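Given next are the chains, with one letter for each unit.
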Amino acid sequence: MRDGALQRYLSIALGGALGSIARYWVGSTISGRLGARFPYGTFVINMTACLLIGFVVTFLGRRVALSATWRYLLPVGFIGAYSTFSTYEWETFSSMRSGAFVLAAVYAVGSLVLGLGAVWGGSWLADLLA
């Protein structure tokens, strides 16, 4: 493995570890304070991740002089481990921004419907095998 590739993977791993810890801390803190009747913790994580990915990807895109390591550490590693919902939203937003509104709609609705179907299917399989 080349040194550059190793550095990318290490950056992603470090960011991922920190993002996972942050996800656990934020989720458990919020759920502990507001209760678990509504998934407040996950909701706050998803919304803060959307804010973060919007800021970080835009900021890093305009600061080309910054090391590429930041692009792996923050959006891929940290935010990716913190919440993949933000990536889904960023990709939908990017499609809309480029004028591909139909593609954005198909992706957004398809992800929601097929994702729920996949969760149902996985749960059904687990029930079948249990």
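Residues numbered from 1 in each chain as written. Predicted model: local features only at pLDDT ≥ 70, side-chain atom pairs only at ≥ 80, totals over all residues. Heavy atoms only, no water.

Caption draft 1: Representation of the overall build of the chain. Along the backbone of the chain there are five helices and zero strands. If you list the helices and strands of the chain from N to C, you get α-α-α-α-α. In terms of its C-alpha atoms, the chain occupies a principal-axis envelope of roughly 50 × 40 × 35 Å. Across the 130 residues in the chain, those meeting the buried criterion constitute 22%. Considering only contacts in the chain between residues 6 or more positions apart, those separated by 24 or more positions represent 57%. When the accessible surface of the chain is summed, it comes to about 9,000 Å², and 71% of that surface belongs to carbon and sulfur atoms. Looking at the chain, you have 9 positive and 4 negative side-chain charges, and the mean spots of the two groups are 12 Å apart. (Helix = DSSP H or I, 4+ residues; strand = E, 2+ residues; numbered from the N terminus. Buried < 20%, exposed > 50% of the residue type's maximum accessible area, 1.4 Å probe, protein only. Contact = heavy atoms within 4.5 Å. Areas by Shrake-Rupley, 256 points an atom, 1.4 Å probe, with all protein chains shown as cover. Lys, Arg positive; Asp, Glu negative; His and termini not counted. Charge placed at Lys NZ, Arg CZ, Asp CG, Glu CD.)

Caption draft 2: Focus on the side chain of Ser95. Mapped onto the secondary structure, Ser95 falls in helix 4 (residues 85–97). Looking at Ser95, the relative accessible area reads 14%, which means it is buried. With near-sequence residues (within four places) excluded, Ser95 lies in contact with Ala100, Phe101, Leu103 and Ala104.

Caption draft 3: Structural context of the nonpolar core. Counting 11 residues, the largest nonpolar core consists of Ala22, Val26, Ile30, Ile45, Ala49, Ile53, Val56, Leu60, Ile79, Tyr82 and Trp90. Going through the elements one at a time, helix 1 (3–34), helix 2 (40–62) and helix 3 (69–82) are the ones with two or more residues in this core. No other element matches helix 2, which puts five residues into this core. (Core = buried A, V, L, I, M, F, W, Y, C linked by side-chain atoms within 4.5 Å.)

Caption draft 4: Geometry of the environment of Gly117. Note on placement: Gly117 falls in helix 5 (residues 101–129). With 38 residues separating them along the chain, Gly117 and Ile79 place their C-alpha atoms 25 Å apart.

Caption draft 5: Looking closely at the side chain of Asn46. By the element assignment, Asn46 lies in helix 2. Since its relative accessible area comes to 15%, Asn46 is described here as buried. In contact with Asn46, other than residues within four places in its own chain, are Ser83 and Phe85.

Caption draft 6: Fine view of the environment of Val102. Relative to the helices and strands, Val102 is located in helix 5. It is 26 Å that separates the C-alpha atoms of Val102 and Val76, two residues lying 26 residues apart in sequence.

Caption draft 7: Here's a closer look at the packing of aromatic side chains. Evaluated as defined, the whole model comprises eight aromatic pairs. Ring centres of Phe85 and Tyr88 lie 5.7 Å apart, and the angle between their planes is 50 degrees; on these two criteria the pair is classed as tilted. One end of the pair is Phe85 and the other is Tyr88, both in helix 4 and three residues apart, which spans about a single turn. What makes Phe85 partly exposed here is its relative accessible area of 27%. (Phe/Tyr/Trp six-rings, centres within 6.5 Å; stacked < 30°, edge-to-face > 60°.)

Geometric descriptors of this kind do not, in isolation, establish any biological role.
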